[in-house]
Amino acid sequence: MHFETRIILKEVFRDQHRPGFIEPFHKVVFEVQSDGIDPLEIGLWVHRSYPDENLIKVGRSFLAGRLTDMVTVASEGAYTPSEVDALWQTVKPVSVL
């Protein structure tokens with residue numbers, strides 16, 4: 001099972017107070033959109049010392065790492081795609097179309 005997923009830059013908040021830090025950070029906010037789930041916003045802190053022209057790319061790099069970690073954790077004890085499909089065949093509702 002694969003569903004179309006889009007990652008959209010929502011907003012960049014510059015020079016924000018990051019809890020636990022003295023100096024300000026930029027906060028880059030992305031929206032993850034995937035068919036079948038509600039959109040998910042994820043904000044990532046990017047240090048001000050990264051060059052401005054690389055801010056979004058660094059934010060995307062941080063996002064990719066976090067999403068990879070989430071996949072690992074979410075997959076623990078989960079069904080494989082073929083197991084989900086097999087289970088679906090036993091529980092799917094009758095279509096009224």
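Anyway, here's the lowdown on the structure attached to this text. (Residues numbered from 1 in each chain as written. Predicted model: local features only at pLDDT ≥ 70, side-chain atom pairs only at ≥ 80, totals over all residues. Heavy atoms only, no water.)

### Overview of the pairing of strand S2 (residues 25–34)
Stated precisely, the cut-off is as follows: Partly exposed describes any residue whose relative accessible area lies between the buried limit of under 20% and the exposed limit of over 50%, with all areas from a 1.4 Å probe on protein chains only and scaled to the type maximum. Each helix is a run of DSSP H or I of at least 4 residues and each strand a run of E of at least 2, with the numbering of both proceeding from the N terminus. Two strands form a pair only when DSSP identifies at least two bridges running between them.
The buried fraction of S2 is high, at nine of 10 residues. By the bridge criterion, nine bridges tie strand S1 (residues 5–16) to S2 in an arrangement that is antiparallel. Pairing of isoleucine 7 across the sheet is with valine 32, part of S2. Relative to strand S3 (residues 40–47), S2 runs antiparallel, the two being bridged by eight bridges. Each bridged residue has a counterpart across the sheet, and for phenylalanine 25 the counterpart in S3 is histidine 47. Counting the residues between successive antiparallel strands, the hairpin from S2 to S3 contains five residues, one of them, glycine 36, with a positive phi of roughly 95°.

### Quick notes on the pattern of salt bridges
Put simply, the test is: The term salt bridge refers to a pairing of a side-chain nitrogen on Lys or Arg with a carboxyl oxygen on Asp or Glu at a separation within 4 Å.
Following the criterion strictly, the structure yields six salt bridges and no others. Between arginine 6 and glutamate 4 there is a salt bridge, with its nearest N and O atoms 3.2 Å apart. Here lysine 10 and glutamate 31 are joined by a salt bridge, their closest N and O atoms 3.7 Å apart. Of this pair, lysine 10 sits in strand S1 while glutamate 31 sits in strand S2, and the two are 21 residues apart along the sequence. Overall, the relative accessible area of 42% leaves lysine 10 in the partly exposed class. Among the charged side chains, a network of salt bridges with common partners joins Glu4, Arg6 and Asp35.

### A short note on the environment of glutamate 41
Rules: In this description, contact between two residues means that some pair of their heavy atoms is separated by no more than 4.5 Å.
Relative to the assigned elements, glutamate 41 resides in strand S3. The spatial distance from the C-alpha of glutamate 41 to the C-alpha of valine 84 is 27 Å, given a sequence separation of 43 residues. Ignoring any residue separated from it by four or fewer positions in sequence, one finds glutamate 41 in contact with Lys10, Val29, Phe30 and Glu31.

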